[in-house]
Amino acid sequence: FFTLSPCWPRWLLRANPEIERITYLDADLLFFGPPKELFAELGEGSILICNHDFPPFLRHYEKHGRYNVGVQVWRRDSNGLACLDWWRERCLEWCKDIPEPGRYADQKYLDQWPERFERVVVSDHPGVNAAPWNWRTRKLAVGGGGVLASGRPLVAFHFAQLRRLSPRLIDTNQSEFGVLPFALRAPLYGAYMDALAAADRMLAGTWPQTTHCPRS
């Protein structure tokens, strides 16, 4: 399914000329603030990507890519379309969940984008695509009535690798990244569990046979 990452947004942009820009979001994200922050960062750029921001003790994970595919934006201009065309070609050529020099699944290809394409914006908002692997780098803390990232309101948190063991029991799968302080767990993971529970109720009302997904 990694191979689909460039195919779907590329098709949408090419088949719907009225779409000016398109945003890809991983399914395991929860927004804590308005997504307008993404578009403000993009500005007049054509492509927006997010750095993993690994702390020093996790830099070895850059073999999977310097940038994370979880949040991306493309404008329907020559740069955005060229990027999606190139990415699709690479993923069709090779897209395996195995680290190799210069490639890993759909993600490692993003390392080449800032040099290969024009008007690429690398997000520097600490609250955009915050995640278990960068909570130390982004300096997540509770304050101002919510969660802050380096003093700025959290926009979106990436709950990667979370596994639901029961409706109210989870395995965050984040111990290798450094366990989050207790004060951050409820406002982050508690809010996400509430959102998943709400989604379960919505799905159960639409498709009564639906049960909660074991993974986020």
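Residues numbered from 1 in each chain as written. Predicted model: local features only at pLDDT ≥ 70, side-chain atom pairs only at ≥ 80, totals over all residues. Heavy atoms only, no water.

Undergrad: Lay out the nonpolar core in plain terms, naming residues and giving numbers.
TA: Ranked by internal contacts, the top residues of the largest apolar core, which has 21 residues, are Ile47, Ile49, Trp74, Trp87, Leu110, Trp113 and Phe117. Taken together, the elements giving at least two residues each to this core come down to α1 (4-15), β3 (47-51), β4 (67-75) and α3 (78-93). Top element by residues in this core is α3. It accounts for 6 residues. Apart from the residues within four sequence positions on either side, Trp87 is in contact with Ser5, Pro6, Val69, Gln72, Trp74, Asp106, Tyr109, Leu110 and Trp113. Grouped together as the second largest cluster of nonpolar side chains are 17 residues, Leu30, Leu140, Leu162 and Tyr189 included. (Core = buried A, V, L, I, M, F, W, Y, C linked by side-chain atoms within 4.5 Å. Buried < 20%, exposed > 50% of the residue type's maximum accessible area, 1.4 Å probe, protein only. Helix = DSSP H or I, 4+ residues; strand = E, 2+ residues; numbered from the N terminus. Contact = heavy atoms within 4.5 Å.)

Undergrad: Please give an account of α1 that cites residues and values.
TA: A rise of 1.5 Å per residue sets the reference length of α1, with its 12 residues, at 16 Å; its end C-alpha atoms lie 16 Å apart and thus fit the reference within 8%. Those residues of α1 hidden inside the fold are in contact with β1 (21-25), β4 and α3. (Expected span 1.5 Å × (residues − 1).)

Undergrad: Can you break down the sheet that holds strand β7 (residues 146-149) residue by residue, with the values?
TA: Within a sheet, adjacent strands bond to each other through the backbone by hydrogen bonds, running parallel or antiparallel. Read from one edge to the other, the open sheet built from 3 strands follows the order β6-β7-β8, with strand pairing classed as antiparallel. Strands with a single pairing partner mark the edges of an open sheet, and in this sheet they are β6 (140-143) and β8 (152-153). Of the pairings in the sheet, the one linking β7 to β8 comprises 2 bridges and is antiparallel in character. Looking at the pairing, Leu148 lines up with Pro153 of β8. Across the face of the sheet, helix α5 (residues 182-206) comes into contact with β6 and β7 while running at roughly 80 degrees to β6. (Pairing = 2+ DSSP bridges. Axes fitted to C-alpha atoms, helices over the stretch in contact; angles between N-to-C directions.)

Undergrad: How would you sum up unusual backbone geometry? Please name residues and give values.
TA: Even without being a glycine, Asp53 presents a positive backbone phi close to 55 degrees. Locating Asp53 in the fold gives a position in the loop between β3 and β4. For Gln161, which is not a glycine, the phi torsion comes out positive at approximately 70 degrees. Relative to the helices and strands, Gln161 is located in the loop between β9 (156-158) and β10 (163-166). Taking the relative accessible area as the measure of exposure, Gln161 reaches 36% and is therefore partly exposed.

Undergrad: Let's hear about the pattern of salt bridges: which residues, and what values?
TA: Throughout the structure, instances matching the rule amount to 9 salt bridges. In this structure, Arg14 engages Asp85 in a salt bridge whose closest nitrogen and oxygen atoms are separated by 2.6 Å. Of this pair, Arg14 sits in helix α1 while Asp85 sits in helix α3, and the two are 71 residues apart along the sequence. Note that Glu93 is salt-bridged to Arg90, the shortest N-O span being 2.7 Å. On the criterion of helical spacing, the pair formed by Glu93 and Arg90 is a turn pair, its members being 3 residues apart in helix α3. In this structure Glu93 comes out as exposed when scored by relative accessible area, which is 57%. One network of salt bridges, in which partners are shared, links Arg10, Arg14 and Asp85. (Salt bridge = Lys/Arg side-chain N within 4 Å of Asp/Glu carboxyl O.)

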